[in-house]
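# Working through the structure, step by step
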Amino acid sequence: MSYEWLTLWGYVPEFLKAGWLTLQVTLLAFVLAVLLGLLTALASISPVAVFRYIARAYVEVIRNTPVLLQIFIVFFGLPSAGISLDAYWAGVIALGLNVGAYLSEVFRAGIQSVPRGQLEAAGILGLERGQIFTEIVLPQAARAVYPAIVNYLIQLLLGTSLLSAIALPELTGTATVINSRTLLYVQTFAVVLVAYLVLSNVLSWIASQLGARMFHPPLIVRPRARFGGFALRRANRA
Amino acid sequence: MSIELLRTSLSILLQGLVTTLLLSVASIVGGTLIGLLAAVLRSFGPWGTDRIARLYTELFRGTPVLITLMFIYFGVSYFGYAIDVFAAGVIGLSVYQGAYIAEVFRSGIESVAKGQWEVSQILGLSRMQAFAFVVLPQTGRIVLPPLIGQYLSLIKDTSIVSMIGMSELMHGGQAIVDRIGKPVEIYGLVALIYFVVCFPLSQWVRHHDRRRLS
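Residues numbered from 1 in each chain as written. Chains lettered and ligands numbered in written order. Predicted model: local features only at pLDDT ≥ 70, side-chain atom pairs only at ≥ 80, totals over all residues.

### So, the overall build of chain A
When its secondary structure is counted, chain A shows nine helices and zero strands. The order of helices and strands in chain A, counted from the N terminus, is α-α-α-α-α-α-α-α-α. Here chain A, with 238 residues, has 42% of them falling under the buried criterion. Taking as baseline every contact in chain A between residues at least 6 positions apart, the subset at least 24 positions apart corresponds to 73%. (Helix = DSSP H or I, 4+ residues; strand = E, 2+ residues; numbered from the N terminus. Buried ≥ 20, exposed ≤ 12 C-beta atoms within 10 Å, placed from the backbone. Contact = placed C-beta atoms within 7 Å.)

Here it is, written out as structure tokens:
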């Protein structure tokens, strides 16, 4: 038993490298997703009908097809259109596109959760349209959507495991390579499982700390007690 | 894309779709049973079973479904047994989605006002009776939209079972692309098939889900 773990100990540098790659792809794709989500949310409530249709089509296509298929289309399909991407950027773009569609729905709901009366009041007080959005709507919407966004960040992190299908050496891809070399399936997957748990809990812990500091009054994402010291609590659905 | 190619591709893909749907239905049944059990245990479980149920939901909600599937499929063979890839897929998806479904049921159970428990008790119902006849019927209407939403993501997640070698819709698409190329056309066709299955469900959820922020 112990020598099996010793064998895996030799692969610790590879696991660490894979974990770092996973984190990179997660954060890059998340930035893309937030930008796309905001843009799509604004398009979906815009007075211009064409923008609304494009936003709706994008969201429906993404929400009703599997993310693995979207990854394949970006990685294998885009080269036919003359755009060649390596697995890293194909992964970032595919996951960013995917989560962006879900986030746009969240953002839209957040923007619409701000009462209309406030917009009228702000208009009467002489604020311009842009000011109303950045000063009145955005701060309140951000607070409303924050827990849901954190939830999607965690989903995104877990989704990076699918990039092993296009041979990106992130945590899951590295695990399958180490498996084929050592045949220690159970131990390798146990290591990766713990790695994902640590990453997802660290990310949501950072997010909950940020939430408590960024907003006034502080936004407490998860007020419940921790579970037997097993893991930090993850941000739940709003 | 010629008509001939379209016809042969479609026949392979529709065969895959049948497997995808079988896998989905079996996993939906399994996941719902596991999820309901975990939710009930977490809310009312005696002797520390509530903690086990909580550990279960936390564990699977913090790890990717692909790892669950690989763990089951390759893990079983590591211990010297063989498992059918369909069975591994159903078990993996059921256990994984069960954790999310448990959260859906739990939020439903918690949304029923506490006063109703007290009233049931005063009326002389046991805890089991109160749960079965008072609380559960009311949660049904609350949890149905998010539950269907979870089923929708389960159907899409069946595509991941192709990565442990299950020949379903996604795998069918890959097999065709491996043989003849044309990734845009073939994967586009696969996407269209998934879309046709998922779109009615997602529209239903969109119209019935009151919780817009989730």
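And the narrative resumes.
### Overview of the packing of helix 2 (residues 12–44) of chain A against helix 9 (residues 185–214) of chain A
Residue and element names in this part refer to chain A. Relative orientation of the contacting elements helix 2 and helix 9 amounts to 40 degrees, with a least axis distance of 11 Å. Comparing the axis directions of helix 2 and helix 9 gives the class oblique. The handedness of the crossing between helix 2 and helix 9 comes out as right-handed. Taken together, the residues of helix 9 that come into contact with helix 2 (itself represented by Phe15, Gly19, Thr22 and Leu23) are Val191, Ala195 and Leu199. The residue inventory of the contact of helix 2 with helix 9, partitioned by class, reads five nonpolar, two polar and no charged. (Axes fitted to C-alpha atoms, helices over the stretch in contact; angles between N-to-C directions. Parallel < 35°, antiparallel > 145°, perpendicular 65-115°, else oblique. Left-handed = near helix turned anticlockwise from the far one by under 90°. Nonpolar A, V, L, I, M, F, W, Y, C, P; charged D, E, K, R; others polar.)

### Let's talk about the interface of chain A and chain B
Between chain A and chain B, the contact holds 40 residues from the first and 33 residues from the second. Elements with a contribution of two residues or more to the side of chain A that touches chain B: helix 3 (49–63), helix 4 (67–77), helix 5 (87–112), helix 7 (129–159), helix 8 (171–182) and helix 9 of chain A. Along the lines of polarity and charge, the residues of the side of chain A that touches chain B split into 26 nonpolar, ten polar and four charged.

### Details of helix 3 (residues 65–78) of chain B
An ideal rise of 1.5 Å per residue puts 20 Å on 14 residues; helix 3 of chain B measures up with 19 Å between its terminal C-alpha atoms. Restricting attention to buried positions, one finds in helix 3 of chain B the residues Val65(B), Leu66(B), Ile67(B), Thr68(B), Leu69(B), Met70(B), Phe71(B), Ile72(B) and Tyr73(B). Taken together, the buried residues of helix 3 of chain B touch helix 8 and helix 9 of chain A together with helix 2 (49–61), helix 4 (85–111) and helix 6 (127–157) of chain B. Just downstream of helix 3 of chain B lies Gly80(B), where phi reads positive at about 90 degrees. (Expected span 1.5 Å × (residues − 1).)

### A look at the packing of helix 3 of chain A against helix 5 of chain A
All names here are of chain A. With their axes 9 Å apart at the nearest point, helix 3 and helix 5 run at an angle of 120 degrees to one another. What the angle tells us is that helix 3 and helix 5 run oblique. In this structure, the crossing between helix 3 and helix 5 has a hand that is left-handed. Residues Ala55, Tyr58, Val59, Ile62 and Arg63 of helix 3 form the contact with helix 5, whose participating residues are Leu97, Asn98, Ala101, Ser104 and Glu105. A breakdown of the residues in the contact of helix 3 with helix 5 according to their chemical character gives six nonpolar, two polar and two charged.

### Things to note about the nonpolar core
Counting 110 residues, the largest nonpolar core has Ile71(A), Leu153(A) and Val190(B) as its most contacted members. Sequence-distant contacts of Ile71(A), that is, excluding residues within four places in its chain, are made with Gly91(A), Ala94(A), Leu162(A), Leu163(A), Ala165(A) and Ile166(A). (Core = buried A, V, L, I, M, F, W, Y, C linked by C-beta atoms within 7 Å.)

### Concerning unusual backbone geometry
If a residue is not glycine, its phi is most likely negative; likewise, a peptide bond is most likely trans. Residue and element names in this part refer to chain A. One non-glycine residue, Ala167, adopts positive backbone phi at about 65 degrees. Among the secondary structure elements, Ala167 is positioned in the loop between helix 7 and helix 8. Accessibility expressed as a C-beta count within 10 Å gives 12 for Ala167, which makes it exposed.

### Describing the confidence of the model for chain A
All names here are of chain A. Averaged over every residue, the pLDDT of chain A is 84; residues scoring 70 or more account for 92%. Ranking the helices and strands of chain A by mean pLDDT puts helix 3 first, with 93, and helix 1 (residues 2–9) last, with 76. The low-confidence segment residues 223–238 (pLDDT under 50) makes 37 contacts with residues lying over four places distant or belonging to another chain. (pLDDT = per-residue confidence, 0-100.)

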